[in-house]
Amino acid sequence: MVSYHITNNLSIQNKRFVGYMLTQAFLYGILNQNQYEEAKIMGKIRARTDEELAARKQEILSAARDLLMTMSYESITLAAIAEKTSISRPSMYHYYNKKECVFVDLIIQEYREWGEQMGPLLERRCSQEEFCQTMTDILWGHETLLKLLSLHLTIWDPSYDDSILRHFAKETLPFQNTLKEVVAFQFPDAGSKERNMFLIQFSIYCNSLYETKYIAQNQMDAIREMRFLDFIPPVKEICYDGL
């Protein structure tokens, strides 16, 4: 309709020129849209909505999780993470400017999932044995979390500014509160000092589980040859008994 009113009062030659220009503009728009969609697929277009931003960050965290379980933390780079995603390397810096920030968010996500899995322990009281078994099963099902816990001191860069530490403290506070509530609910007769001591020991204990769970076979053989211990139980049993 618009093109009709524009061209109605023009000469035939001018009509042809305007028609050509309108056609070119239409094709240019299609090509630009195709290029935009292609660039979006290739990760060259920055996320524009909260949903897109969340999806991009989740893609990055999933890639980082996969790499962590197949590589050493020290050998992982932002470039290696980018290669496992649909996001281009330069675009990675729109979401994370260093790999440590990626793994801080991954730890937060793992804590969140752990907190959700502890929910049933707030619904009914169970025996001490059942409590220890449930906590052991949860930990054993979070291989990524166990490795991240063993890397806490490595991941925390002394050069971090306060905003990153505040971000971590804020996002993990719900987990900390859930854990405290679970312990208080399951052990109502324990005093606050006893519960606090359990939480401190539990934290230290969790940080060492990954190294114990994945101790190299040659190390296990050396321990047996030294005959330092008469019997070495399965590591999961050690975890359960330790709790």
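Everything here concerns the structure above.
Scope of this entry: the structure provided in the associated data block. All values reported here derive from a predicted model rather than from experimental measurement. (Residues numbered from 1 in each chain as written. Predicted model: local features only at pLDDT ≥ 70, side-chain atom pairs only at ≥ 80, totals over all residues. Heavy atoms only, no water.)

A general tendency of soluble globular proteins is for nonpolar side chains to be buried together. Counting residues in each nonpolar core, the largest one holds 51 residues, and the members touching the most others are Ile81, Phe103 and Trp114. Not counting residues within four places of it along the chain, the set of residues in contact with Phe103 comprises Ala64, Leu68, Tyr73, Ile76, Ile81, Leu148 and Ile155. (Core = buried A, V, L, I, M, F, W, Y, C linked by side-chain atoms within 4.5 Å. Buried < 20%, exposed > 50% of the residue type's maximum accessible area, 1.4 Å probe, protein only. Contact = heavy atoms within 4.5 Å.)

With that out of the way, let us pick up the side chain of Arg56. Checked against the element boundaries, Arg56 lands in helix 3 (residues 50–68). Among buried charged residues, Arg56 stands out as having no salt bridge; its nearest opposite-charge side chain is Glu59, 4.9 Å away. A polar contact of 2.8 Å, which involves the side chain of Arg56, links it to the side chain of Tyr95. (Helix = DSSP H or I, 4+ residues; strand = E, 2+ residues; numbered from the N terminus. Lys, Arg positive; Asp, Glu negative; His and termini not counted. Salt bridge = Lys/Arg side-chain N within 4 Å of Asp/Glu carboxyl O. Polar contact = N/O pair within 3.5 Å; in protein donor to acceptor, adjacent residues only side chain to side chain.)

Counted as a void, the largest pocket has a volume near 260 Å³. Lining the largest pocket are 15 residues, and of these Tyr111, Phe175, Gln176, Leu179 and Ser203 lie nearest its centre. Going through the elements one at a time, helix 6 (99–117), helix 10 (162–186) and helix 11 (192–213) are the ones with two or more residues in the lining of the largest pocket. Looking at the lining of the largest pocket residue by residue, the classes come out as 10 nonpolar, four polar and one charged. Considering the residues around the second largest pocket, the lining is formed by Ala54, Lys57, Gln58, Leu61, Tyr96, Asp105, Ile108, Gln109, Arg112, His167 and Glu171. For the lining of the second largest pocket, the secondary-structure elements that each account for two or more residues are helix 3, helix 6 and helix 10. Per-class residue counts for the lining of the second largest pocket are four nonpolar, three polar and four charged. (1 Å grid on protein atoms, 1.4 Å probe; cavity = no way out; pocket = protein on both sides within 12 Å on 5 of 7 lines; lining within 4 Å. Points joined across faces, edges and corners; volume = space filled by probe spheres on them. Nonpolar A, V, L, I, M, F, W, Y, C, P; charged D, E, K, R; others polar.)

The next point concerns the environment of Lys84. Relative to the helices and strands, Lys84 is located in the loop between helix 4 (78–83) and helix 5 (89–92). A residue is classified by how much of its surface remains accessible, and Lys84, at 46% relative accessible area, is partly exposed. Note: C-alpha distance between Lys84 and Ala63 (21 residues apart in sequence) is 5.6 Å. In this structure, Lys84 is in contact with Ala63, Asp66 and Leu67, ignoring residues within four places of it in sequence.

Now for helix 6. Along its 19 residues, helix 6 runs 27 Å from first to last C-alpha, staying within 8% of the 27 Å computed at 1.5 Å per residue. For helix 6, the tally of buried residues reaches 15 of 19 residues, placing the bulk of the element in the interior. (Expected span 1.5 Å × (residues − 1).)

Bringing the packing of aromatic side chains into the picture now. A full pass over the atoms with the stated rule returns nine aromatic pairs. Both rings, one in Tyr111 and one in Phe175, keep their centres 4.7 Å apart while their planes meet at 35°; by these two values the pair is tilted. Of the two residues, Tyr111 is situated in helix 6 and Phe175 in helix 10; the sequence distance between them amounts to 64 residues. Note on Tyr111: relative accessible area 7%, which makes it buried. For the ring pair Phe131 and Phe187, a centre distance of 5.1 Å and an interplane angle of 85° mean the geometry is edge-to-face. Highlighted residues: Phe131 in helix 7 (residues 128–140) and Phe187 in the loop between helix 10 and helix 11, separated in sequence by 56 residues. (Phe/Tyr/Trp six-rings, centres within 6.5 Å; stacked < 30°, edge-to-face > 60°.)

Geometric values such as these leave the question of function open.
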